[in-house]
Structure formats: structure tokens, C-alpha cells
Amino acid sequence: MTSGTPTTTPATTPAAAPAGRLAEGTGQGRTTIAASVVQKIAGIAAREVSGVYSMGSGASRAFGALRERIPGGGTSGASTVAGVAVEVGEKQAAVDLDVVVEYGVAIADLASAVRRNVVGAVERMTGLEVIEVNISVNDIHLAGEDDNRDEVPVAPAPTGRVVE
């Protein structure tokens, strides 16, 4: 480094960015975006669309509901990414979503709206090109249906009072 000319490594080399992250090389530094960030953005964008009741398979929703009832077990981030899987490369991302839709909603139209919202949010916020959004509709929610049917029943906490 005695020549006085700074050297930089291009961001496109494999060692420049770990797998699953975006590397943007500029003369002023590098930006990396974790796959979990893309996952969270996609989950929030999918839930914003009217007609999406919830995300995830029945088992993952039941497990998440149980985990949220345990003190210290539920985290706000866990429910945000339920039903969302992503693959992130240096410049592109692919998203897989598991959704539960409201009864009466046109599923094809809903899927198109979810795709538009997810692609728009991820591309705008991260600069990644979203190459695909795969949507699996796992269930339909009926308005009068018991919302707790997939959840494990939990007994009320003891109050210490004797009830006769």
C-alpha cells in the first residue's frame, strides 16, 4: 500500500458476500441484507392484502399460538415470518408463501394481489429483483368458524382463590 492508490475488491467475487445476502459494492462501502430481513418484509407485505386471513400451515399456526402463550416464548418476529420462506442471492430473491384465505375471496385474484404487494415491497426496500413468488393456499377461513380450533387448549392460570 505504499503506492498511494487505494485498492478495492469488487462486490461480485464469491468471497465478497456470504450466501443469502445482497452485496452492493460502492466506493464508500458495502451493504448486505440478511435473508431474514427479506423474509420479514415479504411476510408483512402478504398480510397487508385484504383476504389473507393468516400465514403458515395448520401445524405451524398451532405451534405458534402455543409458543405465544408461554411466557418469554412468543416473539413478535416469529409470527411475522410464519409461512414465509425465501432464497436470497446477490441480486435476486425468490419467495414461497403458505396462506390461509377468507372464504368467498377469489383465490386467483388474491394471489395476484399478494404477488404484486410482495414484489413491490421487497424490490423497493432491498433493491433485490424478485424472480418468483410461489403461493400455496393451505386452508380457507370461514367467518363463523371457531378461530381456536387449531390451537392447543390451555387451562386458565390458578388465581390462588378457592372457588365454591
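Computed from a predicted model, the values in this text were never measured in an experiment.

Some thoughts on the overall build of the chain
On a plain count of helices and strands, the chain comes out with four helices and six strands. The order of α-helices and β-strands along the chain, N terminus first, is β-β-α-β-α-α-β-β-α-β. When the 164 residues of the chain are sorted by exposure, 30% land in the buried category. Residue pairs in contact within the chain that sit at least 24 positions apart in sequence constitute 70% of those at least 6 positions apart. For the chain, the accessible surface area stands at approximately 10300 Å², while carbon and sulfur atoms represent 54% of it.

Some words on the side chain of histidine 141
Note on placement: histidine 141 falls in strand β6 (residues 129-141). At 3.5 Å, the side chain of histidine 141 and the side chain of tyrosine 53 are in polar contact.

Here we look at the confidence of the model for the chain
When pLDDT is averaged along the chain, the result is 76, and 59% of the positions lie at 70 or above. Looking over the chain, one finds the lowest element-wise mean pLDDT in helix α2 (residues 58-69), namely 51, and the highest in helix α4 (residues 107-126), namely 97. Scored below 50 in pLDDT, residues 1-19 shows twelve contacts in the model against residues more than four places distant or in partner chains.

Remarks on the environment of aspartate 139
In this structure, aspartate 139 sits in strand β6. Once the C-alpha coordinates of aspartate 139 and methionine 55 are considered, the two residues, 84 residues apart in sequence, prove to be 9.7 Å apart.

Some thoughts on the nonpolar core
With 25 residues, the main nonpolar core has Val38, Val95, Leu97, Val114 and Val118 as its most contacted residues. Within the residue set of this core, elements represented by two or more residues are α1 (35-47), β3 (52-55), β4 (84-88), β5 (92-102), α4 and β6.

Focus on a nonpolar patch on the surface
A surface patch of nonpolar side chains, amounting to about 440 Å² of accessible area, comprises Tyr103, Ile107, Val137, Ile140 and Leu142. Looking at the element boundaries, isoleucine 140 is found in strand β6. The exposure class of isoleucine 140 is partly exposed, given its relative accessible area of 35%.

Focus: the side chain of threonine 126
Following the sequence through the fold, threonine 126 ends up in helix α4. You can call threonine 126 buried: its relative accessible area is 9%. A polar side-chain atom of threonine 126 sits 3.1 Å from the main-chain amide nitrogen of leucine 128.

Observations concerning α4
Over its 20 residues, α4 extends 28 Å from the first C-alpha to the last, a length consistent with the 28 Å expected when each residue adds 1.5 Å. Those residues of α4 that sit buried are Leu110, Ala111, Val114, Val118, Ala121, Val122 and Thr126. The buried residues of α4 all sit within an arc of 110° when viewed along its axis, so they share a single face. Among the exposed residues of α4, those oriented more than 90 degrees off its buried face are Ala108, Asp109, Arg116 and Arg124. On its buried face, α4 is in contact with α1, β3, β5 and β6. Backbone geometry just after α4 places glycine 127 at a positive phi near 85°.

With respect to α1
With 13 residues, α1 extends 19 Å between its outermost C-alpha atoms, agreeing within 8% with the 18 Å of an ideal straight helix rising 1.5 Å per residue. Three or more residues of α1 are buried, namely Val38, Gln39, Ile41, Ala42, Gly43, Ala45 and Ala46.

Calculation rules
Residues numbered from 1 in each chain as written. Predicted model: local features only at pLDDT ≥ 70, side-chain atom pairs only at ≥ 80, totals over all residues. Heavy atoms only, no water. Helix = DSSP H or I, 4+ residues; strand = E, 2+ residues; numbered from the N terminus. Buried < 20%, exposed > 50% of the residue type's maximum accessible area, 1.4 Å probe, protein only. Contact = heavy atoms within 4.5 Å. Areas by Shrake-Rupley, 256 points an atom, 1.4 Å probe, with all protein chains shown as cover. Polar contact = N/O pair within 3.5 Å; in protein donor to acceptor, adjacent residues only side chain to side chain. pLDDT = per-residue confidence, 0-100. Core = buried A, V, L, I, M, F, W, Y, C linked by side-chain atoms within 4.5 Å. Patch = residues over 30% accessible without salt bridge, like charges linked within 9 Å, V, L, I, M, F, W, Y side chains within 5 Å. Salt bridge = Lys/Arg side-chain N within 4 Å of Asp/Glu carboxyl O. Expected span 1.5 Å × (residues − 1). Arc of directions from axis to C-beta.

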